[in-house]
Every structure is written in structure tokens, then in C-alpha cells.
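# Breakdown of the fold
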Amino acid sequence: MSNLLSAFRLAALPVETNEFRAEVRTFLERNLEAAPPDIRARSWMGFNPAFSKKLAARGWVGATIPSQYGGANLDAFSRFVLVEELLAAGAPVSAHWIADRQSGPLILKFGTEAQRRFYLPRICAAEAFFCIGMSEPNTGSDLAGVGTRATRCEGGWRLNGSKIWTTNAHHCHYMIALVRSSGEPKDRQTGLSQFIVDLSLPGVSVRPIRDLAGDAHFSAVFFHDVLLSDDALVGAEGSGWAQVNAELAFERSGPERVLSSIVLLEYWITCLRRGSQAAAHAATIGRFATHLTALRNMSIAVTARLAKGESPVVEAALIKDIGTEFEQTIPAVIEAAIAMNPDDPVDPDLYRTVAYVSRIAPTYSLRGGTREILRGMVARGLGLR
Amino acid sequence: MFTEAIEDILKDQCTPAMVRAIEAGGSCESLWHPLEANGFLELLASEAHGGAQLPLGDLFPILCTFGRYAMPVPAAQTIAARALLPSHAIPVGMITLAAAFRREAGGIIICPLTPYGMVADFVLARDGDVLLLLPGARARRQATGVHLSQTATLIWSNENGATPIPGVGAALPAFAAAVYAALISGAMTRVFEMTLEHCNDRVQFGKSLGKFQAVQHQLSVMAEHTAASSIAAEHAFHTDRAVPSLLAAAMAKSRTSEAAALVAAIAHALHGAIGVTEEYDLQLLTRRLHEWRVAHGSEAHWNLLIGQEVLASDMSLVDFVCAV
């Protein structure tokens, strides 16, 4: 019960990460093209294959993948620093993001040696971008209800169904899809498997979905008699649910669950420093700095657990819930602040950036598990379920 | 090691009944004496001075334990005060930290709204760069009028009996903020545990409260803010130096103070009417959460200081936060 709370004991980043942080910074100074804050605010939704390739050339895509597969072989702490620096700079990391954070580690952990040798070097070279096929038109938070089905056929599997809200599917080469490979939807978590779907295969069609900010960051993906070879299956047949859950601690506890609005916040601070309203908002800035410090330390505490090979899934859910709340507060507060006095001029970049972030911020507590799901997980961790 | 030994004493001597008795004006002796006699007030003192020379990081769980037990005596404050004072100036008895200090015409000294001001033998106040150790026995203690509160405004008609220690005044606000952050964190954790227990035990509509999703989500939010507060408080003690850094202490007090109100509110909401009764122990802790939030600067005070530091620097916020 109180085990959950006692998990959040302060842990420090190892001192070696200071040097690594400086290296990342130097790389960003040289390779990150200047962009206005409303573009940088896209953060890990910002898709830029050229930047991903530069990062890969430096060896930092596939951060935690062993070097024998072309990866950077970074420990969890160094990956934390890399991600923190990339997000703080507003680097467009979306192209390789999912492969780096989830698909690569998943293939490393559950894939066959042949799958590792095929996919991991491509991921690390930023030549293979991945998306994750989870939600379906009738399956959102209730993920165990997936209806997309892989059926055994001569030489492999036949895939039928559809996925929706899949981030970047229209830009990606592969999807790791959670689908039903046996039984019925009523069997819930049983009978689900994960397949790597080559999105260029016949029978796959991808339709981008435009969002309220004018971007198309997610898609609907349709599978019509898509033939998958045997080696498309990742891990054991029927183990899809367990495999998906094994990655959740990585997905939910990182700096990206705290820093989604950081470009906006930094830019507001820049504007305050050169304007006349700094005094009026100093306490608000202080509150954000305080919350950010605590959240960062919580994230580092969980990173320390990951570094030990543990899988603190509930702790990660807890961080994501409170972290996204912080991320969502930032645009709400800045919106109010810029209009405190209608006669005061508003920096046009700030206006656009806060507009973008305030419109897209609701997704922060949808993607990767909704607020309601996460609070349920925390409750389970407290022994209430 | 020290934490367990101290908790053993508190289990026996800081029972809810004892907290109530001391709040009602009863003797502190049976609680204070074992802490003093076992040397637990000198945890931070150097070994040369007979202390345990405990690093601040190891003091943190001890202060949290004081918070958990709703300490009705200023043990945490005395430990901090003894660390701030030179050995020759350390008095025997309970020392509390003044949250505010002012001089008035005619040599009058006032420490308004001093936590534990009703019971402390001494008050350690900050007078600019100077620390001033003031004898409680010579003060007029003015109660706040708040039911059962040990906070008091102390008034001295002159400086007789006061000991000035020059040059170290600035350390007091940082140390006090860190101490109260730890106390709040400890009390909050206990409040959370009590609420969780209550929700498991109390049955309505044929099932325990904890089975209702709306209740589960409230408990989850409580856990989140309790965890964030705990790590923020611990951060202030994560230093090799003798005194917490002002910035880390400021963040600790801000984060815990903000959460204190929320956590107390959810705890009472989930306990129902029983939670606000005198006989139920929750109030021993939630009253202190509010009192400690207000003591030594709320989040409103510390956020301003932190924000001014951020804005005055030329660092990015992420860099600033990494450097705290």
C-alpha cells in the first residue's frame, strides 16, 4: 500500500551524465535548425526525418539498443538526459520516437535473433520508422476489446481490421499492431498477439486524420486481407497483452510526460524577461519551476528503477497522470496571462504558440493511456482493485 | 537506525492521547525527556561536540516521522536550531523557530504567529544577518485564539536574556522551510494512509468506499500529490552542506504547502463527518497540515522568490531546474 509512495525516493543522475549532456547540447547547437516556438512546441509530435537521420548518424537513435545491433547502448539515465535535452530544445523527434522508445526495445526483448538483426540496425539508422497499432474504432481505453484479427493461412497470417489514432502511421514504414490471433473479443486479454506489419504491403491503406491545429499527426489504418509472413509475429503467439504491458513503464515515466509544454513555458519566460510584466507573473513562474523540479525528480526516481531492470508500471502511471496535469496547466495559465490586460501588446510568436499548445494539450492525457485509466491503475497499485 | 529508535519513542510517548493532552496544556516531559536524554536533539552536532554528525539526507526521514506523529513539541525545530547555534550558545530545553521577527518602539521585540510558541522554552529568530536566541520565559505569550493551536505571538519588552549570534541569520528561513516541508510530507503520508484504510473499511451501498471509481480516483490524486511533495521535501535535504539551499528549501515548502490543502481536503471529503470530529485522529494531522502550510511562508511566498530567481537569471527553465 504505502509501497507505492515509498517508491518515490530521491535518486540522482550519475555525474557521468553531465558530460553526456554537454555532448548532446553541442550536437543540438550544430544540427538543430532554428525554428519559431510554435513549430518547436510540436516537440515529440514534430516529424522531421532529416533531423532523425542526423541524430542517427551521431549514434543516438536506438538509444538503449546494444551496439551489436547498431544502437547507442545508453543506460536509462543517459537516455533520460538525451530525451530531456531534445525536448527542451524543441527538436523534431517524432519520426524515430516510437521506434526508439518502444518498438526497438520490444523487438530486442521479445523478437527472434533474425528479427533483431533485420529491424534494429534499420531503426538505429533512422531508416525504419515505427508506429503502434493499439486503438480501434470500437476500442479505445478498453484495449482488450481489439477486433482486428490475424488468421492462420498458408505461410503465415491473414490480417483484417483497422486501427485508428495511430500516431504517424502515414509516415511510418512499420506498425507493431496488437491484434486478436485466437479466440473471441470476449476472451479479452487472452489470444492477443503483436505483429510487425510492413505498411507497404498490399491490402494496407492509411488515411491521415487532420487535427484541430491543422496537423495530421495521427491516422486511420485499414487492413484488408493483408498477408503476413510467419516472421511478422513478435514474441509468443497469445502473449501480446503481457508484451504491451511490459513496455508501459518506459512509455509513461520519461521526461516527455512532463515537458510537452516546455517550449511554450520557456518562450513565455523569454518574453517576460524582455517585457514589463515579469513582476506580475513571477509567482506563477516560481510555481511552475517548483512543480517541474518535483516531477523531474519523480521521473528520475523511476528511471533509477528502470536502470535496475525493474518494471515500475504503477509508478509510471502515477507520474504520467500528474505530469500531464502540469503540462496542461501551462497553456491554461499563459492564455489567461497574455490577456490580463487587452491593451498590452502580445508577442505574435507567443500568441501562436500558446494557441497551438492549448488546443493540442487535451491529447497529453489521452495518448499513452487516459487520465481515467491511469488513475485506475494507481488505485490498483494501492490495492483498491 | 535513528529513525527506528525515535519512532519507538514516539509510538510510546506520542500517542494521539498524548498529543491531545499536550495540546490541552499538559506536560511535555514524558515525550521530550527521552528524545533529549538519548541525544536525539544533537543528531546534527559534530562528533567532537557529542553529536551524531548526521548528514541532512539522513535527518529527512526522522523529520517525516515527527510529522507522521503530529508532534506537539518542537523537536524538529530544536534539532535545526541546535545545528545553527554555536555550541556555547545552545540552551537546554525546547527551541522553536520564529517565522517572523520585528522590533517596535521602546525596544519591544515581537515574533508573530510562532509555531510551538505556547510551549517552547526558547525562540530562535532571524534579525537580518543575526540569529537571536530569545528566552520564552521572559516573553508574553499571546495565544492566537485558534482551538488547540500551539502557535503564539511572543512579545518581549526588551532584549534582556537574548543571545545574538552574528553572521548566520540567513540560514534560518531556508532551514525552517525545509523542516516544515518534511513535517508536512510526513503528516500528509499518514493522512493518506488513514484515508486509504478508512476507504477499505467503510461500507456503503454494500461495498467498501474504495471500490467506487470516483473514490479510487480521488485516492490516486492524493497519492500523486503526496509522492510529489515527499520527493520535493527530500530534495531540500539532499546536500552535503550543513544547511539546505534556499532554493531547494523554497521549492520543498512551496510544493508541500500547495499539496497540504488539497490532501487535507480530499482526506476529509472521503472520511465524511467522522473526519472532523475531535475524537477521530485525522484532525490531529489535518489541523497541522494547515498550520504548517501557513508557517514560515506558504507557497505564495516561496513561489515569488523562486520565480524572481528564474526571471533574474539568464538560464533556461530546464537548466535552472537541473541546477537546483
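Residues numbered from 1 in each chain as written. Chains lettered and ligands numbered in written order. Predicted model: local features only at pLDDT ≥ 70, side-chain atom pairs only at ≥ 80, totals over all residues.

### What to know about the overall build of chain A
Scanning chain A from terminus to terminus reveals 14 helices and eight strands. Considering only intrachain contacts with a sequence separation of at least 6, the fraction spanning at least 24 residues in chain A is 77%. (Helix = DSSP H or I, 4+ residues; strand = E, 2+ residues; numbered from the N terminus. Contact = placed C-beta atoms within 7 Å.)

### A few points about the overall build of chain B
If you tally the helices and strands in chain B, you get eleven helices and ten strands. The dimensions of chain B, computed from C-alpha atoms along their principal axes, are 65 × 55 × 40 Å. The burial tally for chain B puts 52% of its 324 residues in the buried class. For chain B, long-range pairs separated by at least 24 residues make up 71% of all intrachain contacts whose partners lie at least 6 apart in sequence. (Buried ≥ 20, exposed ≤ 12 C-beta atoms within 10 Å, placed from the backbone.)

### Regarding helix H14 (residues 371-381) of chain A
Those residues of H14 of chain A that fall on the buried side of the exposure criterion are Leu-374, Arg-375, Gly-376, Met-377, Val-378, Ala-379 and Gly-381 of chain A. Gly-383 of chain A occupies a position one or two residues after H14 of chain A and carries a positive phi of about 85°.

### A few points about the interface of chain A and chain B
Contact residues are listed per partner, giving 41 residues for chain A and 39 residues for chain B. The leading source of residues in the side of chain A that touches chain B is helix H11 (residues 278-307) of chain A, at 17 residues.

### Quick notes on the pairing of strand E3 (residues 108-114) of chain B
Residue and element names in this part refer to chain B. Pairing between strand E2 (residues 102-104) and E3: three bridges, direction antiparallel. Of the residues in E3, the one forming a bridge with Glu-104 is Ile-108. The hairpin formed by E2 and E3 contains three residues between the paired strands, and Gly-106 there has a positive phi angle of roughly 80°. Where E3 lies against strand E7 (residues 152-156), four bridges are found, and the strand directions are antiparallel. Across the sheet, the residue bridging to Thr-114 is Ala-152, located in E7. (Pairing = 2+ DSSP bridges.)

### Looking at the domain arrangement of chain B
Bring the parts together and some accessible area is lost; that lost area is often taken as the interface size. Residue and element names in this part refer to chain B. Segmenting chain B into domains produces domain 1 (2-165) and domain 2 (171-323). Using only C-alpha atoms to locate each centre, domain 1 and domain 2 end up separated by 22 Å. Each side of the interface is counted separately: domain 1 has 26 residues, and domain 2 has 27 residues. Residue assignment for the side of domain 1 that touches domain 2 shows that the elements contributing at least two residues are helix H2 (16-23), helix H4 (56-68), helix H5 (75-84) and strand E4 (122-127). If one sorts the elements of the side of domain 1 that touches domain 2 by residue count, H4 sits on top with ten residues. (Domains from an automatic or database assignment.)

### Comments concerning the packing of helix H12 (residues 313-338) of chain A against H14 of chain A
Residue and element names in this part refer to chain A. Taken N-terminus to C-terminus, the directions of H12 and H14 make an angle of 140°; their axes are 9 Å apart at the nearest point. Compared by their axis directions, H12 and H14 come out oblique. Handedness of the H12/H14 crossing: left-handed. Of H14, the residues touching H12 (which contributes Val-314, Ala-317, Leu-318, Lys-320 and Asp-321) are Arg-371, Leu-374, Arg-375, Met-377, Val-378 and Gly-381. Grouping the constituent residues of the contact of H12 with H14 by class yields six nonpolar, one polar and four charged. (Axes fitted to C-alpha atoms, helices over the stretch in contact; angles between N-to-C directions. Parallel < 35°, antiparallel > 145°, perpendicular 65-115°, else oblique. Left-handed = near helix turned anticlockwise from the far one by under 90°. Nonpolar A, V, L, I, M, F, W, Y, C, P; charged D, E, K, R; others polar.)

### Things to note about the packing of H11 of chain A against helix H8 (residues 246-271) of chain B
For the pair H11 of chain A and H8 of chain B, interaxial distance at closest approach is 9 Å and the crossing angle is 90°. By the angle between their axes, H11 of chain A is roughly perpendicular relative to H8 of chain B. Here H11 of chain A contributes Thr-290, Thr-293 and Ala-294 of chain A to the contact with H8 of chain B, which in turn contributes Met-251, Ser-254 and Arg-255 of chain B. Residue composition of the contact of H11 of chain A with H8 of chain B, by class: two nonpolar, three polar and one charged.

### Things to note about the domain arrangement of chain A
Residues and elements named next belong to chain A. Along its sequence, chain A is organised into domain 1 (11-129), domain 2 (131-238) and domain 3 (244-381). On a C-alpha basis, the centroid separation for the pair domain 1 and domain 3 is 21 Å. Secondary structure elements with two or more residues in the side of domain 1 that touches domain 3: helix H3 (37-40), helix H5 (76-89) and helix H6 (94-110). A per-element tally of the side of domain 1 that touches domain 3 places H5 first, with seven residues.

### So, the sheet that holds strand E1 (residues 95-97) of chain B
All names here are of chain B. What the four strands build is an open sheet, ordered E1-E4-E5-E8; its pairing is mixed. A single partner strand is all that each edge strand has here, and the edge strands are E1 and strand E8 (163-165). Within this sheet the neighbouring strands show an average axis-to-axis angle of 25°, counted without direction. Two strands pair when backbone bridges link them, and E1 and E4 are joined in this way by three bridges, in the parallel orientation. Among the inter-strand pairings, Thr-96 is bridged to a residue of E4, identified as Val-123. Of the strands in this sheet, E1, E4 and strand E5 (130-135) touch H5, which is tilted by about 90° from E1. The strands touched by helix H6 (residues 171-201) are E1, E4 and E5; relative to E4, the strand with the most contacts, the crossing angle is about 125°.

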